[in-house]
Structures are given as C-alpha cells and as structure tokens.
Amino acid sequence: MKVSSAIIAFLVILLGLNSMFVVGEGHSALLLQFGRIVRTDYQPGLHFKLPVMQQVMHFDKRILSLDAPPERYFTSEKKSVNVDFYVKWRVADNAAYYRATGGDQLQAAQRLTPIVKDALRFEFNARTLPDLISGGRKDITERVRAQTDASARKNLGIAVVDVRIKRIDLPNEVSESVYKRMRAERLQLANELRFTGQEAAEKIQADADRQGQVLRADAQRDAAKVKGEGDAEAAAIYAQAYTQDPEFFTFYRSLAAYRTSFEDGKGVLILKPDDEFLRYFEQPVQKR
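Residues numbered from 1 in each chain as written. Predicted model: local features only at pLDDT ≥ 70, side-chain atom pairs only at ≥ 80, totals over all residues. Heavy atoms only, no water.

### Side note on unusual backbone geometry
A negative phi angle is the norm for most residues apart from glycine, just as the trans form is the norm for most peptide bonds. Unlike most non-glycine residues, Lys78 shows phi in positive territory, near 65°. Here Lys78 shows up in the loop between strand S7 (71-74) and strand S8 (80-91). The exposure class assigned to Lys78 is exposed, which follows from its relative accessible area of 67%. (Helix = DSSP H or I, 4+ residues; strand = E, 2+ residues; numbered from the N terminus. Buried < 20%, exposed > 50% of the residue type's maximum accessible area, 1.4 Å probe, protein only.)

### Topic: the sheet that holds strand S5 (residues 54-60)
Spatially, the three strands line up as an open sheet ordered S3-S2-S5, and their pairing is antiparallel. This sheet does not close on itself; its edge strands, each paired only once, are strand S3 (36-39) and S5. Adjacent strand axes in the sheet meet at a mean angle of 40°, parallel and antiparallel pairs treated alike. Here strand S2 (residues 27-33) pairs with S3 via three bridges, running antiparallel. Residue pairing across strands places Gln33 opposite Arg36, the latter belonging to S3. Contacting S2, S3 and S5, helix H2 (residues 94-101) runs over the sheet at an angle of about 65° to S2. (Pairing = 2+ DSSP bridges. Axes fitted to C-alpha atoms, helices over the stretch in contact; angles between N-to-C directions. Contact = heavy atoms within 4.5 Å.)

### Comments concerning helix H3 (residues 105-125)
Helix length check: H3 (21 residues) gives 30 Å between terminal C-alpha atoms against 30 Å at 1.5 Å per residue, within 8%. Three or more residues of H3 are buried, namely Ala108, Ala109, Leu112, Thr113, Ile115, Val116, Lys117, Ala119, Leu120, Glu123 and Phe124. The backbone nitrogen of Leu106 lies 3.1 Å from a side-chain oxygen of the residue at the head of H3, namely Asp104. (Expected span 1.5 Å × (residues − 1). Polar contact = N/O pair within 3.5 Å; in protein donor to acceptor, adjacent residues only side chain to side chain.)

### Digging into the packing of H3 against helix H5 (residues 137-156)
Between H3 and H5, whose axes approach to 9 Å, the crossing angle comes to 140°. In terms of orientation, H3 and H5 fall into the oblique class. Remark: the crossing between H3 and H5 carries right-handed chirality. Facing Ala108, Arg111, Leu112, Ile115, Val116, Ala119, Leu120, Glu123 and Phe124 of H3, the residues of H5 in contact are Ile140, Arg143, Val144, Gln147, Thr148, Ser151, Ala152 and Leu156. Looking at the contact of H3 with H5, its residues break down into 11 nonpolar, three polar and three charged. (Parallel < 35°, antiparallel > 145°, perpendicular 65-115°, else oblique. Left-handed = near helix turned anticlockwise from the far one by under 90°. Nonpolar A, V, L, I, M, F, W, Y, C, P; charged D, E, K, R; others polar.)

### Remarks on the pairing of S7
Where S7 meets S8, four bridges bridge the pair, whose relative direction is antiparallel. By the bridge assignment for S8, Glu71 is matched with Val83. Here S7 hands over to S8 after five residues, with Lys78 in that stretch at a positive phi of 65°.

### Describing the environment of Leu32
Mapping Leu32 onto the fold places it in strand S2. A relative accessible area of 5% places Leu32 in the buried class. In the structure, Leu32 is positioned 22 residues away from Gln54 in sequence and 5.5 Å away in space, judged by C-alpha atoms. Leaving out residues up to four positions away in the same chain, Leu32 has contacts with Ile37, Val38, Met53, Gln54, Gln55, Met57 and Tyr98.

Pasting the structure below:
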C-alpha cells in the first residue's frame, strides 16, 4: 500500500513537472500536440502545457550568422570573380520556420544559402567588372538583402537582417587585365592634368609677358616725356643765357666741346691754325 502511494506520488510529480516549461531570454517556443501546431506566441517566462500530449520546441530568436564558402560568379561581360560573403538572419515566424526546417538551424542554413547565392548571382550578372571594382558592393548587398528577406520570410519563416560581401577576388588573368586598364586610365588622367597645367602655365606666361611689355612701354613713354621736358627746359635756359651774353655762351659751348674732344687724353685733332674751333686758344675772352 505504501509502495503504491509512493509510485502514484512520483507519477503526479513527474506529470506536474512535465506540464511546465520555461522560455529563456532571447528564445521563443512553439507548442505541438500530436505534431500539430497549437500555439506559437510564447514570451520568455514560465508556461504550462498538457503533459505527455503536448511537446515544446524552443527556438533561438537572436541574430544568427551564416558564413558560406566563397562562390564564383560571372559579370555581365563574362568575367569570373570569387565572392566571399556572410549573412545575418533570425527566426521571424516560428510556425513557418518549424514547417520548413523542423526547427533545425543547420537545415535552415542549408536552405537559406542557395537563396542568397541566387540573388548574388543575378546582381553580379547584371554588372560589369569596373562597376564592382569602383564600389558597387553596397548597392548589391542592399538589393540582395531585400530579395532574400522577402523569399526567406515566405518560404522559411526567416528574416534576413544583413548580407555582407567580405571580399571579391579576381582570377590572375582578370586581375592583370584590370590592372593594365586601371594603369592606362591613370596615365591618361595624368597626361590630361599635365596638358591642362602646361596650358595654364603658357597662359600665365603670355599674360606676364604682355603686362611686362605694357609696363616697359609706359616707362619708356614716361621717360621720353621727362627727357623731352628736360631738353626743352635746358634749351630754354640756353636760349635765355645766350640772349644775356652771347659771347660767354659761345665760350662756354666751346669749353664743353674741348672737354668732350680731349677727355680721354688719346684723341688727335688735325686742324688749321686759324680754324674756328681754336679761336679761344689764341684770343682771350674779352671782359665786359
């Protein structure tokens, strides 16, 4: 009798424990009854179910990673590239996720991988190699994420949070052709910059020469003007001096002519004794 009571008590405790389950933080649960989904909206905490008849499936609601091996794709000009990428995903619909994968993360990753690869293949096939090299990754990943998220939500109950391209590797023959083309483009740009700089330098030099000629012409004009004014003033002074004492003016002019003729000490003049040039050597100036 005591043994039967103990067995019954043990079974009651076991059934009571089997009727309770806990949903942890970052997780969700799905309740099944004979394989049929009964409830999917359990929040973290303690919950109850019918013992034996009902089973609980726990799902990780945190963001999970899918790191697939590199895949080879072809661009629009049929150039091959090796693409290394990863995907961030999480369970969005417990019921759809359970029906599609049985709640197995490995199976979910295996079914999500071809969806992402197909979307990447479509995007790479629609672009040229220069577009990919020049920075088209962000646009590709945004479009791939949107496409795969819609498909994965519908077919797998999975939300694709992010798709990232870690690296795009070019085959050796493609890399060589790309580098040659990039080098040619850089050389062309350098030549254009050199030509533009040379053209600007020639313009600056021509403008400087023009301004120099204008400045020299202005200076020569001003100098000629000043010289003309000085000559005119000197002529006026000479004329005034000549009118006051013509004989002295003539004597002064003769002295200037003598100084000019004999200033180097090596000049030789052959003149007649009665030449007008020597008049002041023979006749003294008469004082007035």
